[in-house]
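As a plain string of letters, each chain reads:
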Amino acid sequence: MTTHSTPITLDFEEGIDRKTLRRLRDRFIALNQQRWERARSALTYRQQVVLDILPLVFHLNHPSLPGYLDRDCPYGLGHYKPSEPTLNAARRLARAFSLKDEGKRKPDLEALFLMGSPGTLGHSVASDLDVWLCHRSDLSDRDVRCLERKADKVAAWAASLGVELHVFVFSAADWRAGRQRAEVTGENCGSAQHYLLLDEFYRTSIHLGGCYPLWWLIPASEEENYDACARQLVDCRFIKGSEYIDFGAVPSVPREEFLGAGVWQLYKGMDAPWKSILKLLLTECYARDSEQPLLSRVFKAAVYDGETSVNRLDPYVLLYQRLERWLLAMEAPQRLDLVRRSLYLKAGLPLSRTELGADSWRAGLLQQLVDDWGWSPAILKDLDNRQQWRAEDVMTLRRTIVSELTHSYRLLSRLAREQGTCAAISSSDMNLLGRKLYAAFQRKAGKIEQINPGLAPSLGEENLAFHHQSEQGGAPEQDGWLLYRDLEDPSDAFWQPVIRRCGNLTELMVWCYCNGLLTRTTRLNVRAGTTTASVSELREMLDALSAFVAFPLAPAGREALSAGVKPLRNLLFVNVGVDPQAHLTDRGLHKLSARHDSLGFSGSRDNLVATIDQVTLNSWHEVSLQHYAAGDTLIQCLKNVLASVASAPAYLPEIQVHSHNRGHGAAIARRVQELFSDVVRQFFAGGIGPHPLRYVIEMDRRYFLLQFSGAEPGFVALDSPEVLMEQLARPQERYLPVVFDRGAMLDDQPLRAVCQASEPANIQVFFRVVGSRAKLWVVDELGSVFAWDQDYSNRRYLLVPLLRFLDNLVERRQLRQLDSPAGIAGIHCYEVVPRDGRWKVERRFDEDTSMTLPGLEVQAVGVQEGDRHLRFDIFCGDQEFTVQEYGDQLIPAVAHYIRSLRQTGENYPVYLTDVHLPHDLDPQVYQQDIQTTQYLYYRSTLEASLNRHLMA
């Protein structure tokens, strides 16, 4: 068969022959037909109907054909006449179909093309079909949107037949002007590349219907004069302009496009590495070897020279030949070997076991290349058995691929910087692609690395063995886990290769699951060593992981990548391989108690949460793991979860908790779930926050006070209820109510009721009487809580001195804040009482509390002298006792004076009626407004000191 024809020469200066132009066009059409037949042969009989009737679907707007929307949708391919086989295919698809004469109607569509790998060596069963649908430039936006919706419906119909179809709708005029509206998606490169894509289109496209490319008729040698030659062809009527569509010339690729193209190919390389490696290296070749013509020009020049062999003009063969010459000249044999392997795997033809059939031409062409490369049968067998590749093989290959992809990208980026040009890619698309690259390739602490970005069909293992490090003959305290395959006899571990080593079991499990090694059919073997891990526990963990995130993990969409990263879901594994009551279990004992709270279990208030493994899925679809095994693990984990929520409070992440069902596992998981849900709800109710409050958690006979400083959560650990109350009494910068966790301070229900009744901008006095003793709490205007006990004789003597003292404070505040009376606090009094099995607060308006008491006015005025401890001058009626005069004997002198005023035998406590504090209580801070609880603290301290001397 003849594969070479007479060369065709077009001389635009001497004159052009219309007959020669028709012969040239027919040569391209003949090559186009061969490629179309090859593309069709790669599809199944059922799928072939998509390619058969695709032009007819857009040429007609027929209700019986796929994609029909309404009668107003644009239609009509210029100069297209459906063939009889096409009409027969349509009739088989829809019996109601019939072709009607449309008369002289002006068509809305100019041309339809298939581009990319179909009809080439690179086309495989996994390849999709990319179609360019070009409409008239004067269509309205409404018509274009309608056409896009129809294209989506056609793609959905093709998908029902097993064909992945992508239809890109635009006009040639918009393309030439760079006005494409497309944004980066899974199949659209957006603004990342223009000339490189046009170069690919011209050398790979298959004309399906409508106008022919004008580019065919401009010789490769005239690419720089493309526009002038095109005008001459049309203006001088050598051709009918209406029969051709013009996308413009590709004389060269602007350097500013290389960076965007490099990032785009990296983007695609995450899912289809073999094709992206070839294209990325071609982009680098173009950038570094700019003296050589683009492949589209090489292809066109070969057709003009008479080359008609569809094999020698195969786009992937031309691409490989260019890369081979370039890499050999650069003396880069390793990169050339990667190119060859990429081309072989992209073709998807296992030559070691392929029988000649419909794809015989592809097998023959690929075999010729393999023979030229001198590959051994062993290399072919290894590549053909990708489904048997192991994790170790894939990890090694992935490192090679990532190294190549990042090397090329960095080189292209450097070339762009050296040229001092801006990348052609838009900033939004650049950010989007950069984020996807970061999510896929960037290593960071805790992130679970995805080792199989389309390299092997599956890494599933039939048998996995998890061995604790202590099983290897080391010290018993050695931690860490080893992963083996097919290890039935544990003694063979010394002779078997380790697939992976991890610091803890959960990390190893998550890595295996997210990379597909571990499935529900995998047999498990566990050598737990000094841990309590078991096969049943690992099975439960696998179930929890499967419910948490589906495998394989789908890539994040444009909308997610366009926004900042935020957590979507958290899965907390509690006590993996750990028995929190091991000290009792070893003795065969189990605690029985009415206290079932897992954070304060039994009479010894044990915290049953020993370790936590936090697995997080974020909005960029990264999976990460953080291990908490030392210190206050639960608090550390809670703090980190809250910090991540604070960065995006409008989207509260889902929190799931799992603990092995052994022992108290279910109860532990439920309690941790409750705690995290309660805390998140308190701080971020309504999708905003963090709200100002202090949250108290009781755990293991200790207390943890959580509050935010801005967007940063912080904890204070407190060892006793007394220390907790001291902390709650401390001054605040703003109103911060106290919220108790459902398991905190259950032994002090009155305090819980007091804090629950707290209100801003008020001074609230709460009291509870038990026999001859009373408990008082004051919650001040900023939510600080001050509490004390005292003797009780009657309500009048209990409350009147305190209320009188507080009235004096409020009065002074009113005098200082005349300009802002709304901020003045009121004083309210409540009694804490049990009602129906619960503690409640009830407002008291007792007349006794509003009466004055006879007695002495005792006032204290604070004196701050530099860094010395705060001291007080005390006034008893008109009598003055100053620090200057009495020094350390001031308190005994005041007590002696008060005793001298009383009748013999009178022995009752003294109460301060007023305390004045300096605004520089802290030498380093000036306090404009001193809180009520600060006054109460000094009042309590002075009263205690005075009464000790008074009662002595």
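Attention in this report is confined to the structure presented alongside it. No experiment lies behind these values; they were computed from the predicted model shown.

## A word on the overall build of the protein
Point 1. Assigned secondary structure in the protein consists of 28 helices and 27 strands.
Point 2. Counted over contacts in the protein with a minimum sequence separation of 6, partners at least 24 positions apart contribute 68%.
Point 3. Split by element, the accessible area of the protein, about 43900 Å² in all, is 48% carbon and sulfur.

## What to know about the sheet that holds strand 11 (residues 567-574)
Point 1. A sheet is described by the order of its strands in space; here 4 strands give the open sequence 13-12-11-14, paired in mixed fashion. Of all the strands in the sheet, the pair left with one neighbour each is strand 13 (623-628) and strand 14 (654-659). Adjacent strand axes in the sheet meet at a mean angle of 20° when their direction is disregarded.
Point 2. One ladder, built from 6 bridges, connects strand 11 with strand 14; its direction is parallel. Counterpart to Val574 in the pairing with strand 14 is Ser659.
Point 3. Here helix 17 (residues 505-514) sits on the sheet and contacts strand 11, strand 12 (612-618) and strand 13; the angle it forms with strand 13, its principal contact strand, is near 170°.
Point 4. Strands in contact with helix 18 (residues 535-548) are strand 11, strand 12 and strand 14; relative to strand 11, the strand with the most contacts, it is inclined by about 170°.

## What about the packing of aromatic side chains?
Point 1. Tallying each qualifying case throughout the model produces 29 aromatic pairs.
Point 2. Residues Phe28 and Phe299 carry aromatic rings whose centres are separated by 6.2 Å and whose planes lie at 70° to one another, so their mutual orientation is edge-to-face. On the criterion of sequence distance, the pair formed by Phe28 in helix 1 (residues 18-41) and Phe299 in helix 10 (residues 295-304) is long-range, its members being 271 residues apart.
Point 3. On the basis of relative accessibility, which here comes to 3%, the residue Phe28 falls in the buried class.
Point 4. Judged by its relative accessible area of 3%, Phe299 is buried.
Point 5. On the basis of an interplanar angle of 45° and a centroid distance of 5.6 Å, the ring pair of Phe786 and Trp788 is categorised as tilted.
Point 6. Since its relative accessible area comes to 14%, Trp788 is described here as buried.
Point 7. Here a set of aromatic residues connected by ring pairs shows up, and it is made of Phe113, Trp132, Phe170, Trp175, Phe201, Tyr202, Trp215 and Phe247.

## Examining helix 18
Point 1. For helix 18, built from 14 residues, the straight-helix expectation of 20 Å at 1.5 Å per residue is met to within 8% by its first-to-last C-alpha distance of 20 Å.
Point 2. Listed in full, the buried residues belonging to helix 18 are Glu537, Leu538, Glu540, Met541, Leu542, Ala544, Leu545 and Phe548.
Point 3. Each element contacted by the buried residues of helix 18 is listed here: strand 7 (463-468), helix 17, strand 10 (523-527), strand 11, strand 12 and strand 14.

## Details of the pairing of strand 2 (residues 129-135)
Point 1. Taken across its 7 residues, strand 2 has 7 buried, putting it largely inside the fold.
Point 2. Where burial is concerned, the two faces of strand 2 agree: the one with Leu129, Val131, Leu133 and His135 and the one with Asp130, Trp132 and Cys134 are both buried.
Point 3. Relative to strand 2, strand 1 (residues 109-115) runs antiparallel, the two being bridged by 6 bridges. The partner of Leu114 across the bridge, within strand 2, is Val131.
Point 4. Two elements, strand 2 and strand 3 (residues 165-170), share 6 bridges in a ladder whose sense is parallel. The residue bridging Trp132 from the neighbouring strand is Phe168, located in strand 3.
Point 5. With helix 4 (residues 141-160) bridging strand 2 and its parallel neighbour strand 3, the resulting β-α-β unit is right-handed.

## Some details on a positive patch on the surface
Point 1. A cluster of like positive charges, contributed by Arg18, Lys19, Arg22 and Arg23, occupies part of the molecular surface.
Point 2. In this structure, Lys19 sits in helix 1.

## As for unusual backbone geometry
Point 1. In this structure, Pro552 follows Phe551 across a cis peptide bond, with omega equal to 0°.
Point 2. In this structure, Pro552 sits in the loop between helix 18 and helix 19 (558-562).
Point 3. One non-glycine residue, Asp836, adopts positive backbone phi at about 55°.
Point 4. Mapped onto the secondary structure, Asp836 falls in the loop between strand 22 (826-835) and strand 23 (838-843).

## What about the sheet that holds strand 26 (residues 879-881)?
Point 1. Read across the open sheet, the 4 strands follow the order 26-25-24-27; overall the sheet is mixed. Bordering the open sheet on either side are strand 26 and strand 27 (914-916), each of which pairs with just one other strand. On average, each strand axis in the sheet is inclined to that of its neighbour by 15°, with strand direction left out of account.
Point 2. The pairing of strand 25 (residues 871-876) with strand 26 spans 3 bridges and is antiparallel. Residue pairing in the sheet places Ile874 in a bridge with Phe881 of strand 26.
Point 3. Here helix 27 (residues 890-901) sits on the sheet and contacts strand 25 and strand 26; the angle it forms with strand 25, its principal contact strand, is near 15°.
Point 4. Helix 28 (residues 932-951) contacts strand 24 (858-863), strand 25 and strand 27 of the sheet and is inclined by roughly 115° relative to strand 27.

## Examining the pattern of salt bridges
Point 1. Here the structure, examined in full by the defined rule, presents 40 salt bridges.
Point 2. In this structure, the salt-bridge partner of Arg795 is Glu831, at a minimum N-O distance of 3.4 Å. Taken together, the residues span a long stretch of sequence, with Arg795 in helix 25 (residues 795-816) and Glu831 in strand 22 at a distance of 36 residues.
Point 3. Of the residues examined, Glu831 reaches a relative accessible area of 14% and is grouped as buried.
Point 4. Of the charged contacts in the structure, one is a salt bridge between Glu842 and Arg835, with a shortest N-O distance of 2.9 Å.
Point 5. Among the residues examined, Glu842 registers a relative accessible area of 22% and is labelled partly exposed.

## With respect to the nonpolar core
Point 1. Judged by nonpolar contacts, the single largest core of 140 residues is most densely connected at Trp132, Leu233, Phe247, Phe466 and Trp511.
Point 2. Here the element with the most residues in this core is helix 9 (residues 273-288); it accounts for 9 residues.
Point 3. Every residue in contact with Trp511, bar those within four places of it in the chain, is listed here: Ala391, Met395, Ile448, Glu449, Ile451, Leu483, Ile499, Arg500 and Leu517.
Point 4. Counting 44 residues, the second-largest nonpolar core is a separate cluster that includes Ala774, Phe872, Ile874 and Leu936.

## Things to note about the packing of helix 6 (residues 195-204) against helix 10
Point 1. Where helix 6 meets helix 10, the axes come as close as 8 Å, and the angle between the chain directions of the two elements is 25°. Judged on the interaxial angle alone, helix 10 and helix 6 are roughly parallel. Crossing of helix 6 against helix 10: the hand is left-handed. Contacts between helix 6 and helix 10 involve Asp199, Tyr202 and Arg203 from the former and Leu295, Ser296 and Phe299 from the latter.

Calculation criteria
- Residues numbered from 1 in each chain as written.
- Predicted model: local features only at pLDDT ≥ 70, side-chain atom pairs only at ≥ 80, totals over all residues.
- Heavy atoms only, no water.
- Helix = DSSP H or I, 4+ residues; strand = E, 2+ residues; numbered from the N terminus.
- Contact = heavy atoms within 4.5 Å.
- Areas by Shrake-Rupley, 256 points an atom, 1.4 Å probe, with all protein chains shown as cover.
- Pairing = 2+ DSSP bridges.
- Axes fitted to C-alpha atoms, helices over the stretch in contact; angles between N-to-C directions.
- Phe/Tyr/Trp six-rings, centres within 6.5 Å; stacked < 30°, edge-to-face > 60°.
- Buried < 20%, exposed > 50% of the residue type's maximum accessible area, 1.4 Å probe, protein only.
- Expected span 1.5 Å × (residues − 1).
- Right-handed = clockwise from strand over helix to strand, strands pointing away.
- Patch = residues over 30% accessible without salt bridge, like charges linked within 9 Å, V, L, I, M, F, W, Y side chains within 5 Å.
- Salt bridge = Lys/Arg side-chain N within 4 Å of Asp/Glu carboxyl O.
- Lys, Arg positive; Asp, Glu negative; His and termini not counted.
- Charge placed at Lys NZ, Arg CZ, Asp CG, Glu CD.
- Core = buried A, V, L, I, M, F, W, Y, C linked by side-chain atoms within 4.5 Å.
- Parallel < 35°, antiparallel > 145°, perpendicular 65-115°, else oblique.
- Left-handed = near helix turned anticlockwise from the far one by under 90°.

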